[in-house]
Amino acid sequence: MDITIGVQNQTRELVLESDQSADEVAALVTEALAGKPALELLDSRGRRVIIPTASIGYVEIGSEAKGRVGFGTI
């Protein structure tokens, strides 16, 4: 699933792909905004991404289903 995070005072967004479900990511974001100092996510390569909660502008959680490419999708 693709996750896009808008960071305050930055022109670029953080975009990462994660194996976590949409519900798991939403719960982590909600917990972080409720008082935790940082939002911590794992991407699909096992890297840890930590964003200070105070600098989060928005979080966009993409769909879990991936589009198929190729002739076999017809």
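Being a predicted model, the structure only gives us computed values, none of them experimental.

**Focus: the sheet that holds strand β1 (residues 2-7)**
- Pairing within the open sheet is antiparallel, and its three strands lie in the order β2-β1-β5. Across the chains shown, the open sheet's two edge strands, defined by having one partner strand only, are β2 (14-17) and β5 (56-61). Here the strands of the sheet are splayed against their neighbours by 15° on average, with no regard to which way each runs.
- Where β1 and β2 come together, four bridges link them in antiparallel fashion. Paired with Ile 3 across the strands is Leu 16, a residue of β2.

**Quick word on the environment of Gly 35**
- Within the secondary structure layout, Gly 35 lies in the loop between α1 (22-33) and β3 (38-42).
- Separated by 19 residues in the primary sequence, Gly 35 and Ala 54 have C-alpha atoms spaced 9.7 Å apart.

**Re the pattern of salt bridges**
- Taken as a whole, this structure holds three salt bridges when the rule is applied.
- Between Glu 31 and Lys 36 there is a salt bridge, with its nearest N and O atoms 3.4 Å apart.
- What makes Glu 31 partly exposed here is its relative accessible area of 40%.
- Measuring nitrogen to oxygen at the nearest pair gives 2.8 Å for the salt bridge that ties Arg 48 to Glu 40.

**Side note on the nonpolar core**
- Listed in full, the 12 residues of the largest apolar core are Met 1, Ile 3, Ile 5, Val 7, Leu 16, Val 25, Val 29, Ala 32, Leu 39, Leu 41, Ile 51 and Ile 56.
- Where this core is concerned, the elements lending two or more residues are β1, α1 and β3.
- The residues contacting Val 25, other than those within four sequence positions of it, are Ile 3, Gln 20, Leu 41 and Ile 61.

**As for the pairing of β3**
- Of the two faces of β3, only one is covered, namely that formed by Leu 39 and Leu 41; the face formed by Ala 38, Glu 40 and Leu 42 stays uncovered.
- Across five bridges, the pairing between β3 and strand β4 (residues 48-52) is antiparallel. The residue bridging Leu 42 from the neighbouring strand is Arg 48, located in β4.
- With antiparallel pairing between neighbouring strands as the criterion, β3 and β4 make up a hairpin whose turn holds five residues, including Gly 46 at a positive phi of roughly 90°.

Criteria and cut-off values
Residues numbered from 1 in each chain as written. Predicted model: local features only at pLDDT ≥ 70, side-chain atom pairs only at ≥ 80, totals over all residues. Heavy atoms only, no water. Pairing = 2+ DSSP bridges. Helix = DSSP H or I, 4+ residues; strand = E, 2+ residues; numbered from the N terminus. Axes fitted to C-alpha atoms, helices over the stretch in contact; angles between N-to-C directions. Salt bridge = Lys/Arg side-chain N within 4 Å of Asp/Glu carboxyl O. Buried < 20%, exposed > 50% of the residue type's maximum accessible area, 1.4 Å probe, protein only. Core = buried A, V, L, I, M, F, W, Y, C linked by side-chain atoms within 4.5 Å. Contact = heavy atoms within 4.5 Å.

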